[in-house]
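Fold and geometry: a report
So you can see what is in the structure, the chains are spelled out below.
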Amino acid sequence: MADKHPTKAELEQRLAEAEAQRDEYLDDLRRVAADFENYRKRAARDQESLVARAHERLVKELLPVLDDLERALEAAAEHEEAKLEDGVRLVERELRAVLAREGLVEIEADGHFDPHVHEALLSQPSEAEDGAILQVLQKGYRLGDRVLRPARVVISQGMEEAEPAG
Amino acid sequence: MAKTIGIDLGTTNSCVAVLEGGEPTVIPNAEGGRTTPSVVAFTKDGQRLVGAPAKRQSVTNPQNTVSSIKRFMGRKFSEVSEEMKIIPYEVVAGPNGDARVKVGDKEYAPPEISAMILQKLKADAEAYLGESVTDAVVTVPAYFNNAQREATKDAGKIAGLNVLRIINEPTAASLAYGLDKEHDHTILVFDLGGGTFDVSVLELGEGVFEVKSTSGDNHLGGDNFDKAIVDWMVAEFKREQGIDLAQDRMALQRLYEAAEKAKIELSSTMSTQINLPFVTATQEGPKHLDLQLTRAKLEELCHDLLERTVGPTKQALKDAGLGPDGIDHVILVGGMTRMPSVQEKVKELIGKEPHKGVNPDEVVAVGAAIQAGVLKGEVKDILLLDVTPLSLGIETKGGVFTRLIERNTTIPTKKSESFTTAEDNQPSVEIHVLQGESEMATFNKTLGKFQLVGIPPAPRGLPQIEVAFDIDANGIINVSAKDLGTGNQQQVRIEGGSGLKQEEVEQMVREAEAHAEEARKLHELADARNQAESLVYSTEKSLKDHRDALDAETIAQIESRLEEVKGVLDSSDAGEIRAKSDALMEASHKLAQAVYEKVQAQQTASSAPSGDGTAGAEEEVVEDAEYEVIDEEAKQS
């Protein structure tokens, strides 16, 4: 019976204990929440500096390409055009190699139109089947599994629609 | 617990955000974009596309590509004749007179199309969060009527989302800026999006936002501005080269991209070069476009478009019964509001600096996510954590301010670091607690000072004194210093350290910036001095220990250089101190060399390891810069 009806003093003591415990838990909770918040801020900072460094590496790799392009232009000023073409071709090859090392892949555009990787700029009647890619106006690229830029293409409307009113 | 997402279902673009750890985060879509085009397409082979892929195929399939569906939400067929003129797909009257989209032989109610967009956003959010999402808060324009709101709710239902609440876009933007926490005031939201312009006046009372008035232009947005720039480029190119690029789809595409880039660049620079090599070709060969666009020219091109925002803004003020001075806050929404001339126009109209900081493309979704968090009880007062407004630290040797806790650290937090003495047998250290952003203690604010005494006699650098900062949730700072050797401890309790007003904090940050150069020089001087002092100390010590291993000439040289360094210690020229220190260091290398030679000679003579430790003593010649030294006391005595 005594258990069921605690005295006032006992109740007060329990209340005091509960309040002390509550304050302790609240303080713990706040500290965990603040730790998380600070962790989040640090992660964001780390991320930012990581991004900056990632740029740095790529830009550094591109510097020789810039040098070569300059050389090609200098050479063109002195020699005939054929040299320029050779030079630019070499620079292009090098730039392509640098970017390929970074994971850049050209999007294939010699089949059927796929809006996930292609962007249609024009569609025109042709003998090719409906939806076939007729021409690539601008190449598309993928970096890893992400489409950086879709390939801009002209696609076929097929034959049956090839009778626009005159 | 499942997350509730916030969705900005826009006319041209949509955006979704969620609260993570109490902070709103925009969820990137599967394609990596932070916003998703509000476009749905039905391809000839029966596929359904949503977002960027749908947009990409729109030219080849215009009748089956539905964009701007928001313009038809909850509207009667009889109301939308104006809208129908600008869209390429077919709109018909439904059985109850509602506007419906006809694709092929199928009819879709606008909520069904919107649901397809919502479904994609939901799927992308689920992929990001790694759990299923069912609850959402969706935003609508403030002027949406009941039918339009119901239609938006239906769209959510069809998409399998339980729409907890539909909130107004300007309200969401206000929430994103935390304006609900302030007292009663009025807010003007200026929303210039991709294809629509909305201006709303809100009044906040008792924590509830009330829309006082709305106005706008349903056919004014970023697209118009881009077109103005492209038209100019086309005209310039035609004038210079005689070729009309408007007929060339690929060239036009490149022009739009260049216009977009130029617009963004001109937000921060006064002029930009638009460079499009091989933009087209004629029989004479390739043609390049090379134009300069100045900010002034851009403003001229956009002048008429900008003027079109004036009427609606004035109308909204008038309808709210307010003058410009009746507005307390101005919020900008929509990517176009990044443009400086748009911001200036708003400032000119209202006479107030608009709020900035939240990405204007994402601010509505962010606000929706915050509202979602409030509804879910994730945003509770109990865990509204404060931050330290300014950095906290102590003064170390040479008046340098050493930070222990960086500004904007969320509290409660705790940080400790070990320090040591600067002099041999230093009996006490003073802990000078400061707050501020300057590198030098003198420019920062003193919060308290205390002494830790009773450090047993020891060579400098040996005692380890742990200084700990502990800030509780109320901003009360406890700083303690403990001699790890003896266990002696002293501490101070500082109240009201973070009870600074915003203006005071800004003032201190500004002052730190104003003194930054001076502080940097003083810091450099302090470093040079500290290094020189420890160099003198260690050189004197080894000279004493190994005097007999050296010839008189070397001793004389080291001693004279020692004197030279001592002579410039009080100099205020860091370069001079460093030069003399370097000279001394060079001379003392001979000392080290001599000692090693002697030890080696002894070793070969006795062919036994001497192991007396003399060889190691030289290594400490320099570099105790990492010892942060506290010695106000010792220097004064």
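Residues numbered from 1 in each chain as written. Chains lettered and ligands numbered in written order. Predicted model: local features only at pLDDT ≥ 70, side-chain atom pairs only at ≥ 80, totals over all residues.

**Describing the overall build of chain A**
Selection criterion: Helix and strand labels come from DSSP, where a helix needs a run of H or I of at least four residues and a strand needs a run of E of at least two; each type is numbered from the N terminus. Any residue whose C-beta has 12 or fewer other C-beta atoms within 10 Å is treated as exposed, any with 20 or more as buried, and any in between as partly exposed, C-beta atoms being built from the backbone. Two residues qualify as a contact pair if the distance between their C-beta atoms, derived from the backbone, is within 7 Å.
When helices and strands are tallied, chain A shows 2 helices and 6 strands. Along chain A, from the amino end to the carboxyl end, the secondary structure elements read α-α-β-β-β-β-β-β. Split into buried and exposed, the 166 residues of chain A put 14% on the buried side. Within chain A, counting contacts between residues at least 6 apart in sequence, those at least 24 apart form 55% of the total.

**Comments concerning the overall build of chain B**
What chain B contains, in helices and strands, is 16 helices and 27 strands. In chain B, which comprises 637 residues, the share counted as buried stands at 41%. In chain B, once contacts between residues fewer than 6 apart in sequence are set aside, the share between residues at least 24 apart is 65%.

**A look at the sheet that holds strand 10 (residues 106-108) of chain B**
All names here are of chain B. Defined as follows: Note: two strands are recorded as paired if DSSP finds a minimum of 2 bridges between them. Convention adopted: a line fitted to C-alpha atoms gives each axis, helices being fitted over their contacting stretch, and angles between N-to-C directions are expressed from 0 to 180 degrees.
Taken together, 3 strands build an open sheet; the order of strands is 8-9-10 and the sheet is antiparallel. Looking at which strands have only one partner, the edges of the open sheet turn out to be strand 8 (90-93) and strand 10. Taken over all neighbouring pairs, the strand axes of this sheet differ in orientation by 40° on average, direction set aside. Bridge analysis of strand 9 (residues 99-103) against strand 10 gives 3 bridges, and the strand direction is antiparallel. Following the sheet pairing, lysine 102 is matched in strand 10 by glutamate 107.

**Re unusual backbone geometry**
Residue and element names in this part refer to chain B. Put simply, isoleucine 411 and proline 412 share a cis peptide bond, and its omega is 5°. Considering the arrangement of structural elements, one finds proline 412 in the loop between strand 20 (400-405) and strand 21 (413-421). For serine 68, which is not glycine, the phi dihedral falls at a positive 55°. Relative to the elements of secondary structure, serine 68 occurs in the loop between strand 7 (65-67) and helix 2 (81-84).

**A closer look at the interface of chain B and chain A**
Under the convention used in this document: Just so you know the grouping, Ala, Val, Leu, Ile, Met, Phe, Trp, Tyr, Cys and Pro go in nonpolar, Asp, Glu, Lys and Arg go in charged, and all remaining residues, Gly too, go in polar.
At the junction of the two partners, chain B supplies 22 residues and chain A supplies 23 residues. Within the residue set of the side of chain B that touches chain A, elements represented by two or more residues are helix 1 (52-56) and helix 7 (249-265) of chain B. Grouping the constituent residues of the side of chain B that touches chain A by class yields 10 nonpolar, 8 polar and 4 charged.

**Quick word on the pairing of strand 19 (residues 392-396) of chain B**
All names here are of chain B. Here strand 19 lies mainly inside the structure; 5 of its 5 residues are buried. Where strand 19 lies against strand 20, 5 bridges are found, and the strand directions are antiparallel. Residue pairing across strands places threonine 396 opposite valine 400, the latter belonging to strand 20. Hairpin connection, strand 19 to strand 20: the antiparallel pair is bridged by 3 residues, and glycine 398 has positive phi, about 85°. Note: strand 19 against strand 22 (residues 429-435), 3 bridges, orientation antiparallel. In the sheet register, isoleucine 394 faces strand 22, and the bridge partner there is valine 433.

**Notes on helix 3 (residues 110-129) of chain B**
Residues and elements named next belong to chain B. Under the convention used in this document: Any helix carries an expected span of 1.5 Å times its number of residues minus one.
Taking 1.5 Å as the rise per residue, helix 3 with 20 residues should run 28 Å; its terminal C-alpha atoms sit 28 Å apart, in good agreement. With respect to burial, helix 3 is a largely interior element, 14 of its 20 residues being buried. Positive backbone phi, at 70°, marks glycine 130, one or two positions downstream of helix 3.

**A few points about the packing of helix 5 (residues 169-176) of chain B against helix 11 (residues 363-375) of chain B**
Residues and elements named next belong to chain B. Stated formally: Reported orientations rely on four angle classes, namely roughly parallel under 35 degrees, roughly antiparallel over 145, roughly perpendicular from 65 to 115, and oblique for the rest.
Two numbers describe how helix 5 lies on helix 11: the axes approach to 7 Å, and their chain directions differ by 80°. When the axes of helix 5 and helix 11 are compared, the pair comes out roughly perpendicular. Facing helix 5, whose interface residues are Glu169, Ala172, Ala173, Ser174, Leu175 and Ala176, helix 11 presents Val363, Val364, Val366, Gly367, Ala368, Ile370 and Gln371. Its residues assigned to classes, the contact of helix 5 with helix 11 comprises 9 nonpolar, 3 polar and 1 charged.

**A closer look at the packing of helix 3 of chain B against helix 4 (residues 146-158) of chain B**
All names here are of chain B. Heads up, the rule is: Left-handed describes a crossing whose near helix is turned anticlockwise from the far helix through less than a right angle; right-handed describes the clockwise counterpart.
Interhelical geometry of helix 3 versus helix 4 gives an angle of 55° and a closest axis separation of 8 Å. Relative to helix 4, helix 3 is oriented oblique. Considering only the axes of helix 3 and helix 4, their crossing is right-handed. Taken together, the residues of helix 4 that come into contact with helix 3 (itself represented by Pro110, Pro111, Glu112, Ser114, Ala115 and Leu118) are Ala151, Thr152, Asp154, Ala155, Gly156 and Ile158. Residue classes in the contact of helix 3 with helix 4 are distributed as 7 nonpolar, 3 polar and 2 charged.

**Structural notes on the nonpolar core**
Stated precisely, the cut-off is as follows: We call a set of buried Ala, Val, Leu, Ile, Met, Phe, Trp, Tyr and Cys residues a nonpolar core when their C-beta atoms link them within 7 Å.
Within the largest apolar cluster, 101 residues are counted, with the highest numbers of intra-cluster contacts made by Ile7, Ala368 and Ala369 of chain B. Judged by nonpolar contacts, the second largest core, of 36 residues, contains Leu392, Val400, Phe401 and Ile471 of chain B.

**Observations concerning helix 7 of chain B**
Residue and element names in this part refer to chain B. Compared with an ideal rise of 1.5 Å per residue, which puts 17 residues at 24 Å, helix 7 spans 24 Å between its outermost C-alpha atoms and is within 8% of the ideal. Restricting attention to buried positions, one finds in helix 7 the residues Ala251, Arg254, Leu255, Ala258, Ala259, Ala262 and Lys263. Of the surrounding secondary structure, the elements contacted by the buried residues of helix 7 are helix 6 (222-241), strand 16 (271-282) and strand 17 (285-294).

**Remarks on the environment of glycine 140 of chain A**
Residues and elements named next belong to chain A. For glycine 140, the position within the fold is in the loop between strand 3 (133-138) and strand 4 (141-143). Separated by 32 residues in sequence, glycine 140 and glutamate 108 have C-alpha atoms that sit 8.0 Å apart. Discounting residues that sit within four places of it in the chain, glycine 140 has contacts with Ile107, Ala109, Val117, His118, Arg149, Pro150 and Ala151.

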